[in-house]
Amino acid sequence: MDEGEWDTFEVVYRAAYRPVLRFLIRRLPSGDAEDAAAEVFTVAWRRWGDRHGEPLPWLYGIARKVAANHRRATDRFEALGKRLEISTSEATQASAEEAALDRLGAASALARLSATDREVLLLVSWDGLDVGDAAKVMGRSRATFAVQLHRARVRLERMLAHAGPASVRKQHLASEGRSR
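Novice: Kindly report on the side chain of Arg 27, identifying the contributing residues and their values.
Specialist: Here Arg 27 is to be found in the loop between α1 (3-25) and α2 (30-46). Within the structure, Arg 27 has its side chain in polar contact with the side chain of Glu 119 (distance 3.3 Å).

Listed below in structure tokens is the structure:
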């Protein structure tokens, strides 16, 4: 790599490190995300001449493969459920509990989707990629990705309709041995 390419790589690294790290934090246990980010940029350095198009979608594609290779990816939605603490005091914490149960319902619905459906939805909604860039990350054509995104959204809407807040509340209360 010559000095000009090094300078370009350094500019891309400085601009893309945090987005890539956030991308990995959502896919790996927090302790593994920084190591995976370092690996992403090591791979990017070695394959710098192979890149095509915008750097961030290309880096996201590398990050996706690095995360898959770690085989330590955890279910984001189980972690979310563990981090959410629902108050035992229903009288004083009713609105906070309702909000937490709504989030758990959405997380539960997302968790029941296939890994591909979750990835398609998260690339667009959490990572903020447009359909074209997300398609590149997934290694698909824009049209194929757009169809996948539409179908994933329909499946998520159906799951949310069937597992609304009331059913999540019943499941939560039943697991605590309470009822309403």
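Novice: An account of a negative patch on the surface is requested, with residue identities and associated values reported.
Specialist: Judged by side-chain charge, Asp 2, Glu 3, Glu 5 and Asp 7 come together as a negatively charged surface patch. Considering the arrangement of structural elements, one finds Asp 2 in the segment before α1.

Novice: Can you tell me about the packing of aromatic side chains, naming the residues and giving the values?
Specialist: On inspection of all chains with the given rule, the structure shows nine aromatic pairs. The rings of Trp 6, Phe 9, Trp 45, Trp 48 and Trp 58 are connected pair by pair, giving a single aromatic cluster. Above the face of the Phe 23 ring, Arg 27 is positioned so that its terminal group lies 3.6 Å from the ring centre. A cation over a ring is seen here: Arg 51 above Trp 48, with NZ or CZ 3.9 Å from the ring centre.

Novice: An account of the packing of helix α6 (residues 115-125) against helix α7 (residues 131-138) is requested, with residue identities and associated values reported.
Specialist: Contact geometry for α6 and α7: axes closest at 9 Å, N-to-C directions at 140 degrees. Taken together, the axes of α6 and α7 are oblique relative to one another. Helix-helix and strand crossings are classified by hand; for α6 and α7 the assignment is right-handed. Of the residues in α7, those touching α6 at Thr 116, Glu 119, Val 120, Leu 123 and Val 124 are Ala 134, Val 137 and Met 138.

Novice: Go over the packing of α2 against helix α3 (residues 55-70), please, and point to the residues and values.
Specialist: Following both chains from N to C, one finds α2 and α3 inclined at 125 degrees, their axes separated by 9 Å at the closest point. With respect to α3, the axis of α2 lies oblique. Between α2 and α3 lies a crossing whose hand is right-handed. From α2, Ala 36, Glu 39, Val 40, Phe 41, Val 43 and Ala 44 reach across to α3, where they touch Trp 58, Leu 59, Ile 62, Ala 63, Val 66 and His 70.

Conventions we followed
- Residues numbered from 1 in each chain as written.
- Predicted model: local features only at pLDDT ≥ 70, side-chain atom pairs only at ≥ 80, totals over all residues.
- Heavy atoms only, no water.
- Helix = DSSP H or I, 4+ residues; strand = E, 2+ residues; numbered from the N terminus.
- Polar contact = N/O pair within 3.5 Å; in protein donor to acceptor, adjacent residues only side chain to side chain.
- Patch = residues over 30% accessible without salt bridge, like charges linked within 9 Å, V, L, I, M, F, W, Y side chains within 5 Å.
- Areas by Shrake-Rupley, 256 points an atom, 1.4 Å probe, with all protein chains shown as cover.
- Salt bridge = Lys/Arg side-chain N within 4 Å of Asp/Glu carboxyl O.
- Lys, Arg positive; Asp, Glu negative; His and termini not counted.
- Charge placed at Lys NZ, Arg CZ, Asp CG, Glu CD.
- Phe/Tyr/Trp six-rings, centres within 6.5 Å; stacked < 30°, edge-to-face > 60°.
- Lys NZ or Arg CZ within 6 Å of the ring centre and 35° of its normal.
- Axes fitted to C-alpha atoms, helices over the stretch in contact; angles between N-to-C directions.
- Parallel < 35°, antiparallel > 145°, perpendicular 65-115°, else oblique.
- Left-handed = near helix turned anticlockwise from the far one by under 90°.
- Contact = heavy atoms within 4.5 Å.

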